[in-house]
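Coordinate inspection notes
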Amino acid sequence: MRINILVKRAIIGLFLGCMGTDALAQTPACSLPASAPGNYDFDMASDYFGANPDAPTDYYKLAVNWSAAHCEKIQAELHKATNQKTTEKLQQENQFQCFSGNRFGWILHGLWASSCAGKSLAQCTDLTEIKNHPRFCRGDLSALPFSEIQPYLCMSPGAALLQAEWEKHGACDFDSAPAYFEKSKELFDALKLPQQHMSHAELERWMKHHNPPLKNKRLLFRESEMYICYDTDFELIDCPPRP
């Protein structure tokens, strides 16, 4: 038990060092790792929502979130962890993002194929049930070569994250993982993003002021995540309203 406590304290200390004294206003900094961080494959059987390979893709949702908010959740889970196996799993899965000495601001969670459930885009509402959207269209895929993941880790800081996004979302509409990651990067890099966390209202104003193409577009928000929407040709559209 004492070993578990010491391990947890060490990890949390490293987390706090990575966060710095002002996590809300740090300049992002990222150095790519030279090697894979152990096993990063995603087990489809562990996914709560499961597969939905028959749902149509009617539009795409780009999910961008504030990295420090995720790391704060991981810190809370480490405080609650009661065994070394759980602690080590949390550390491994979040090593690059939260415990590596890198500093991340707004990061890309993923590019998600999304469905209108048979309605046109004009009639579409945001389907809040995740299981209603296209997911795992090719089933449980094997782990990608690290060489296909490594170039995108400063955008989406986790090999397990990128692997999961490919299996859950990218494989539904893209022929290959590099094609999916490249399109995701193209859309993400086109955005100007602030260097601090903001309320939803402040973030929406900031984004529309600094990204003129978003000026008249509906964005969506949930907790520390922001969503920007595109049609199937990847032209910006209003995100479908929530019901």
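Presented here is a report on the structure given in the accompanying data block. (Residues numbered from 1 in each chain as written. Predicted model: local features only at pLDDT ≥ 70, side-chain atom pairs only at ≥ 80, totals over all residues. Heavy atoms only, no water.)

1. Quick look at the overall build of the chain
- Within the chain, the secondary structure is distributed over 8 helices and 5 strands.
- The N-to-C order of helical and strand elements in the chain reads α-β-α-α-α-β-α-α-α-α-β-β-β.
- Every one of the 243 residues in the chain was classed for burial, and the buried ones make up 45%.
- In the chain, once contacts between residues fewer than 6 apart in sequence are set aside, the share between residues at least 24 apart is 72%.
- Counting every atom, the chain has about 12400 Å² of accessible surface; 51% of that belongs to carbon and sulfur. (Helix = DSSP H or I, 4+ residues; strand = E, 2+ residues; numbered from the N terminus. Buried < 20%, exposed > 50% of the residue type's maximum accessible area, 1.4 Å probe, protein only. Contact = heavy atoms within 4.5 Å. Areas by Shrake-Rupley, 256 points an atom, 1.4 Å probe, with all protein chains shown as cover.)

2. Here's the deal with the state of the cysteines
- Applying the stated criterion across every chain, the model contains 5 disulfides.
- Disulfide pairing places Cys-30 opposite Cys-154 at an S-S distance of 1.9 Å. The S-S bond linking Cys-30 to Cys-154 shows a torsion near -85 degrees; that makes this disulfide left-handed. One end of the pair, Cys-30, is in the loop between helix H1 (2–19) and strand S1 (59–66); the other, Cys-154, is in the loop between helix H5 (146–149) and helix H6 (159–168), and 124 residues separate them in sequence.
- Accessibility expressed as a relative area gives 33% for Cys-154, which makes it partly exposed.
- The residue that forms a disulfide with Cys-116 is Cys-124, at a sulfur-sulfur distance of 2.3 Å. One quick way to see it: the torsion about the S-S bond of Cys-116 and Cys-124 is about -100 degrees, and its sign makes the bridge left-handed. (Disulfide = S-S within 2.5 Å.)

3. Here's the deal with the packing of H6 against helix H7 (residues 177–189)
- The N-to-C vectors of H6 and H7 enclose an angle of 105 degrees; their axes lie 10 Å apart at closest approach. Classed by the angle they form, the pair H6 and H7 counts as roughly perpendicular. Note on element contacts: H7 touches H6 through Ala-177, Tyr-180 and Phe-181, opposite Leu-162, Glu-165 and Trp-166.
- A breakdown of the residues in the contact of H6 with H7 according to their chemical character gives 5 nonpolar, no polar and 1 charged. (Axes fitted to C-alpha atoms, helices over the stretch in contact; angles between N-to-C directions. Parallel < 35°, antiparallel > 145°, perpendicular 65-115°, else oblique. Nonpolar A, V, L, I, M, F, W, Y, C, P; charged D, E, K, R; others polar.)

4. Looking at the packing of aromatic side chains
- Scanning the entire structure with this criterion turns up 12 aromatic pairs.
- The interplanar angle of 55 degrees and the centroid separation of 5.7 Å between the aromatic rings of Phe-96 and Phe-104 together place this pair among those described as tilted.
- Since its relative accessible area comes to 13%, Phe-96 is described here as buried.
- Since its relative accessible area comes to 13%, Phe-104 is described here as buried. (Phe/Tyr/Trp six-rings, centres within 6.5 Å; stacked < 30°, edge-to-face > 60°.)

5. Observations concerning the pattern of salt bridges
- Scanning the model with the defined rule gives 10 salt bridges in all.
- Arg-135 is the partner of Asp-47 in a salt bridge, and the nearest nitrogen-oxygen pair spans 2.7 Å. You can see Asp-47 sitting in the loop between H1 and S1 and its partner Arg-135 sitting in the loop between strand S2 (106–114) and H5, a full 88 residues away along the chain.
- Overall, the relative accessible area of 12% leaves Asp-47 in the buried class.
- Residue class for Arg-135 comes out buried when judged on its relative accessible area of 3%.
- A salt bridge links Glu-186 to Lys-183, with the nearest nitrogen and oxygen atoms 3.3 Å apart. Taken together, the residues Glu-186 and Lys-183, both in helix H7 and 3 residues apart, mark about one turn of the helix.
- Lys-183 sits in the buried class, given a relative accessible area of 18%.
- Several salt bridges converge on common partners, so that one network encompasses Asp-47, Arg-135 and Lys-168. (Salt bridge = Lys/Arg side-chain N within 4 Å of Asp/Glu carboxyl O.)

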